[in-house]
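Structure at a glance
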Amino acid sequence: MKLKEIVEMLEAELLTNEEHLDREISCAFGSDLISDILMCTKEATLLLTGLTNPQVIRLSDMIDVMGIVFVRGKMPSEDLIEMANERDLPLISTKFTLYKSAGVLYNSGLRSCKI
Amino acid sequence: MAIYESIKPEKESTIKQFLDNPPEPEMSIDYEVNKKDFVNSGKASSDIKLLLKKLGVSTEVLRRVAVASYEAEINITAHSQGGKIVCNLFSDLVQLFFIDIGNGIKDLEKALEPGFSTADDLVREMGFGAGLGLPNIKKNSDYMKIVSEYNDHTELELLIFF
């Protein structure tokens, strides 16, 4: 599904370049533990997390992240948004919890990434 | 001094041959890693991945090198007084050294147990400190060696074949 649909379903806000809304997303993974994210994402994945420090963006240099959904109303700093735009990495922020966000997306047919 | 070594069985003879008669690397790069610098930590691993990508290394190997190197780089940032990474490139493998300036690992056997962590609150808040760093590094490398002296320093060596 398109990132645009995800933004709508999660009543979220896109924080990066508008053209990111057309990005096609095929699967997702959710966690607040960096080691788990590194180990559990063997394919290009949308990441749902409550982490908003620079290392969550740095992660996308190591593994294939298609975009990041910040849950629980977490907002990254301007520096972080700039880091993401430099990498052409879409960022969105939702007030929904990790549990609710994952539930909504899963029910809409977005599958879990291969782990 | 505590030493731990782990060799992937299927690569054992090749690795032993390499370690007994280490050839001259085709390229060698050093990176400095600073204590508690969570803004810049990870840059070296990102750079190493990019370099290997340019050399045409497969996606799967790139992912393994990046994950192992990143976990080790974060370890220097989170747990040591700072240190450096040395990346030695050969035609069929990469050799990585992560050398810090202290303070050594108190109980190396325990540090290797999944779930064991000595990370402080700052490190945990950032999503690290799950105790999965060294297990992740081991899983993604063909050879791993840790030499650590408590109250002194730690040296981690990794070999990953292309």
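Presented here is a report on the structure given in the accompanying data block. Remember, it's a predicted structure, so these values are computed and weren't measured experimentally. (Residues numbered from 1 in each chain as written. Chains lettered and ligands numbered in written order. Predicted model: local features only at pLDDT ≥ 70, side-chain atom pairs only at ≥ 80, totals over all residues.)

1. Considering the overall build of chain B
Applicable threshold: In DSSP terms, a helix is any run of H or I states spanning at least four residues, a strand is any run of E spanning at least two, and both are numbered starting from the N terminus. The reference for a compact globule is 2.2 Å times residues^0.38; the radius of gyration itself is calculated from the C-alpha atoms.
On a plain count of helices and strands, chain B comes out with six helices and six strands. Listing each helix as α and each strand as β along chain B from the N terminus yields β-α-β-α-α-β-β-α-α-α-β-β. Taking 2.2 N^0.38 as the reference for a compact globule, 162 residues should give roughly 15 Å; the C-alpha atoms of chain B span a radius of gyration of 15 Å, in line with that estimate. The dimensions of chain B, computed from C-alpha atoms along their principal axes, are 40 × 30 × 25 Å.

2. A few points about the overall build of chain A
For clarity, the cut-off: Remark: C-beta atoms are placed from the backbone, and a residue is labelled buried if 20 or more other C-beta atoms sit within 10 Å of its own, exposed if 12 or fewer do, or partly exposed between those counts. By the convention adopted here, residues are in contact when the distance between their C-beta atoms, placed from the backbone, does not exceed 7 Å.
Looking only at helices and strands, chain A features five helices and six strands. Listing every helix and strand of chain A by position from the N terminus yields α-β-β-α-β-α-β-α-β-α-β. Computed over its C-alpha atoms, the radius of gyration of chain A comes to 12 Å, within 12% of the 13 Å expected for a compact globule of 115 residues. In terms of its C-alpha atoms, chain A occupies a principal-axis envelope of roughly 35 × 30 × 25 Å. The burial tally for chain A puts 42% of its 115 residues in the buried class. Counted over contacts in chain A with a minimum sequence separation of 6, partners at least 24 positions apart contribute 52%.

3. A short note on the interface of chain B and chain A
Contacts between the two partners involve 18 residues from chain B, matched on the other side by 15 residues from chain A. Among the elements of the structure, α2 (43-54), α3 (59-79) and α6 (133-140) of chain B are those that each provide at least two residues to the side of chain B that touches chain A. Ranked by the residues each element gives to the side of chain B that touches chain A, the list is headed by α3(B), at five residues.

4. Some points on the packing of helix α3 (residues 54-62) of chain A against α2(B)
Definition in use: Note on geometry: axes are lines fitted to C-alpha atoms, helical ones only across the stretch in contact, with angles between N-to-C directions running from 0 to 180 degrees. Roughly parallel refers to an angle under 35 degrees, roughly antiparallel to one over 145, roughly perpendicular to one between 65 and 115, and oblique to any angle outside these ranges. Crossings are sorted by hand: turned counterclockwise from the far helix by less than a right angle, the near helix makes the crossing left-handed, and turned clockwise it makes it right-handed.
Look at α3(A) against α2(B): their axes get within 9 Å of each other, and the N-to-C directions meet at 20°. Here α3(A) is positioned roughly parallel relative to α2(B), judged by the angle of their axes. Along this stretch, α3(A) crosses α2(B), giving a crossing that reads as left-handed. Along its contact with α3(A), which presents A:Arg58, A:Asp61 and A:Met62, the element α2(B) presents B:Ser45, B:Ser46 and B:Lys49.

5. Description of the sheet that holds strand β5 (residues 91-93) of chain A
All names here are of chain A. Let me state the cut-off plainly: By definition, two strands form a pair when at least two bridges between them are found by DSSP.
Pairing is mixed in the open sheet, where six strands are placed in the order β1-β5-β4-β3-β2-β6. The open sheet terminates on both sides in strands that have one partner only, identified here as β1 (13-14) and β6 (111-112). Here strand β2 (residues 27-30) runs beside strand β3 (residues 45-49); their pairing, made up of three bridges, is parallel. Within β3, the residue paired with Gly-30 across the bridge is Leu-48.

6. Here we look at α2(B)
Applied cut-off: Each helix should span, by expectation, one fewer than its residue count multiplied by 1.5 Å.
With twelve residues, α2(B) should cover 16 Å at 1.5 Å per step; its first-to-last C-alpha distance of 17 Å lies within 8% of that length. Residues of α2(B) that are buried make contact with α3 of chain A together with β2 (27-33), α3, β3 (83-89) and β4 (93-100) of chain B. After α2(B) finishes, the residue B:Gly56 shows a positive phi value of roughly 85°.

7. Remarks on the nonpolar core
To keep it simple, the criterion reads: Think of a nonpolar core as buried Ala, Val, Leu, Ile, Met, Phe, Trp, Tyr and Cys residues, each tied to the set through C-beta atoms within 7 Å.
Counting residues in each nonpolar core, the largest one holds 66 residues, and the members touching the most others are A:Leu59, A:Ile68, A:Val69, B:Val65 and B:Leu158. Considering every element that reaches this core, the biggest residue donor is α3(B), with ten residues. Apart from residues no more than four positions distant in its own chain, A:Val69 is found in contact with A:Leu10, A:Ala12, A:Leu46, A:Leu48, A:Ile92, A:Thr94 and A:Ser101.

8. Here's the deal with the sheet that holds strand β5 (residues 143-148) of chain B
Residues and elements named next belong to chain B. The strand order β1-β5-β6-β4-β3-β2 describes an open sheet built from six strands, whose pairing is antiparallel. Looking at which strands have only one partner, the edges of the open sheet turn out to be β1 (2-7) and β2. Each strand of the sheet is rotated relative to its neighbour by a mean of 10°, with strand direction disregarded. As defined by bridge partners, β2 adjoins β3 across seven bridges and the pair is classed as antiparallel. Residue pairing in the sheet places Glu-32 in a bridge with Lys-84 of β3. The strands that α3 touches are β2, β3, β4 and β6 (154-161); relative to β6, the one it contacts most, it runs at about 175°.

9. Some details on the pairing of β3(B)
Sheet faces and side chains relate simply in a regular strand, where the side chains alternate between the two faces. All names here are of chain B. As paired strands, β3 and β4 are joined by seven bridges and run antiparallel to one another. The residue bridging Gly-83 from the neighbouring strand is Asp-100, located in β4. Joining the antiparallel neighbours β3 and β4 is a turn of three residues.

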